[in-house]
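# Residue-level structural notes
Below, each chain spelled out in residue letters.
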Amino acid sequence: MEKQKNAVGRRKEAVTRVFVSKGNGKITVNDKDYKEYFSLIYLQNQVELPLKAVESLDKYDVKINAAGGGVKGQAEAAKLGIGRALVDINPEFRPALKAAGVLKRDPRSVERKKFGHKKARKSYQFSKR
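Keep in mind the model is a prediction, meaning the values are calculated, not measured. (Residues numbered from 1 in each chain as written. Predicted model: local features only at pLDDT ≥ 70, side-chain atom pairs only at ≥ 80, totals over all residues. Heavy atoms only, no water.)

## A word on the pattern of salt bridges
The condition that has to hold: When a carboxyl oxygen of Asp or Glu is within 4 Å of a side-chain nitrogen of Lys or Arg, the pair counts as a salt bridge. Going along the chain from the N terminus, every DSSP run of H or I of four or more residues is numbered as a helix, and every run of E of two or more is numbered as a strand.
Counted under the stated rule, the structure contains seven salt bridges. Between Asp106 and Arg11 there is a salt bridge, and its shortest N-O distance comes to 3.3 Å. Taken together, the positions of Asp106 in the segment after helix H4 (94–99) and Arg11 in strand E1 (residues 4–11) put the pair 95 residues apart, joining distant regions of the chain. The closest approach of N and O atoms between Glu111 and Lys114, which form a salt bridge, is 2.6 Å.

## What about the sheet that holds E1?
The following threshold applies: Between any two strands, at least two bridges found by DSSP are needed for them to pair. Any two residues having at least one pair of non-hydrogen atoms within 4.5 Å are treated as being in contact. Between N-to-C directions, angles cover 0 to 180 degrees, with each direction set by a line fitted to C-alpha atoms, over the stretch in contact for helices.
Judged by pairing direction, the sheet is mixed, and its five strands sit side by side in the order E1-E2-E5-E3-E4 without closing on themselves. With one partner strand each, in any of the chains shown, E1 and strand E4 (32–33) form the two edges of the open sheet. By the bridge criterion, three bridges tie strand E3 (residues 27–29) to strand E5 (residues 60–67) in an arrangement that is parallel. Across the sheet, Val29 pairs through a bridge with Ile64, a residue of E5. Packed onto the sheet, helix H3 (residues 71–89) meets E1, strand E2 (14–22) and E5 and runs at close to 145° relative to E1.

## Some points on helix H2 (residues 41–53)
The condition that has to hold: The span you would expect from a helix comes to 1.5 Å times its residue count less one. Bend at a residue means the angle formed by two fitted axes: the first through the 7 residues ending at that position, the second through the 7 residues beginning there.
The terminal C-alpha atoms of H2 lie 17 Å apart, and with 13 residues this matches the ideal 18 Å at 1.5 Å per residue to within 8%. For H2, the principal kink sits at Val47 and spans about 40°; a proline, Pro50, occurs within the next four residues. Close packing links the buried residues of H2 with E3, helix H1 (34–37), E5, H3 and H4. A positive phi of about 55° marks Glu55, the residue just after H2.

## Observations concerning the nonpolar core
Convention followed: As used in this record, nonpolar core signifies buried Ala, Val, Leu, Ile, Met, Phe, Trp, Tyr and Cys residues forming a set joined through side-chain atoms within 4.5 Å. Accessible area is worked out with a 1.4 Å probe on protein chains only. A residue is then buried under 20% of its type maximum, exposed over 50%, and partly exposed in between.
Formed by 26 residues in total, the largest nonpolar core has its most connected members in Val20, Val47, Val62, Ile64, Ile82, Leu86 and Leu97. For this core, the elements supplying multiple residues, two or more each, are E2, E3, H2, E5 and H3. For this core, the element with the highest residue contribution is H3, accounting for seven residues. For Val47, the residues in contact, after removing those within four places along its chain, are Ile27, Tyr34, Phe38, Ile64, Ala75, Ala78 and Ile82.

## Brief notes about the packing of aromatic side chains
The cut-off we apply is this: Here a pair means two rings of Phe, Tyr or Trp (six-membered ring of Trp) with centres within 6.5 Å. Their orientation is stacked below 30 degrees between planes, edge-to-face above 60, and tilted elsewhere.
In total, this model carries one aromatic pair according to the counting rule given. Ring centres of Tyr37 and Phe38 lie 5.0 Å apart, and the angle between their planes is 90°; on these two criteria the pair is classed as edge-to-face.

## Some words on the packing of H2 against H3
What counts is decided by this rule: Should an angle fall under 35 degrees it is called roughly parallel, over 145 degrees roughly antiparallel, and 65 to 115 degrees roughly perpendicular, with every other angle called oblique. In this classification, Asp, Glu, Lys and Arg are treated as charged, Ala, Val, Leu, Ile, Met, Phe, Trp, Tyr, Cys and Pro as nonpolar, and every other residue, Gly included, as polar.
Contact geometry for H2 and H3: axes closest at 8 Å, N-to-C directions at 10°. With respect to H3, the axis of H2 lies roughly parallel. On H3, the residues touching Tyr42, Leu43, Gln46, Val47, Leu49, Pro50 and Leu51 of H2 are Val71, Lys72, Ala75, Glu76, Ala78, Lys79, Ile82, Gly83 and Leu86. Its residues assigned to classes, the contact of H2 with H3 shows 11 nonpolar, two polar and three charged.

## Remarks on the environment of Tyr34
Inspection of the secondary structure puts Tyr34 in helix H1. When its relative accessible area of 7% is taken as the criterion, Tyr34 is described as buried. Once the C-alpha coordinates of Tyr34 and Ala75 are considered, the two residues, 41 residues apart in sequence, prove to be 9.6 Å apart. When neighbours within four sequence positions are excluded, Tyr34 is seen to be in contact with Ile27, Thr28, Val29, Gln44, Val47 and Glu48.

Everything listed here is a matter of geometry and, on its own, says nothing about what the molecule does.
Next up, the structure:
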């Protein structure tokens, strides 16, 4: 196996670069521990999900560079990136990760604002006279 595998994960406006290498389960996001960066337990679980799906939470070190979007988008982008890197490391992980729903990119993003509207769909109040 190579020294490390890297992959990109995206969600909404968030983009994460993920570097996975053999190690003892240390996960860092922007040079901080992931439990410090993602303070909500739900978001911590999102980041751990791909590693738990292949039962290798303490076999790989993960380094994540997150940028853009919000904290939730970054956590879900990291989940996709870790999943892609794990498949790159070992193709036999693919069925387990696919069953966990880790390899699918969530295509939803914010709809653009249209002219003549307050937001994407909300209009100004109609006045007959």
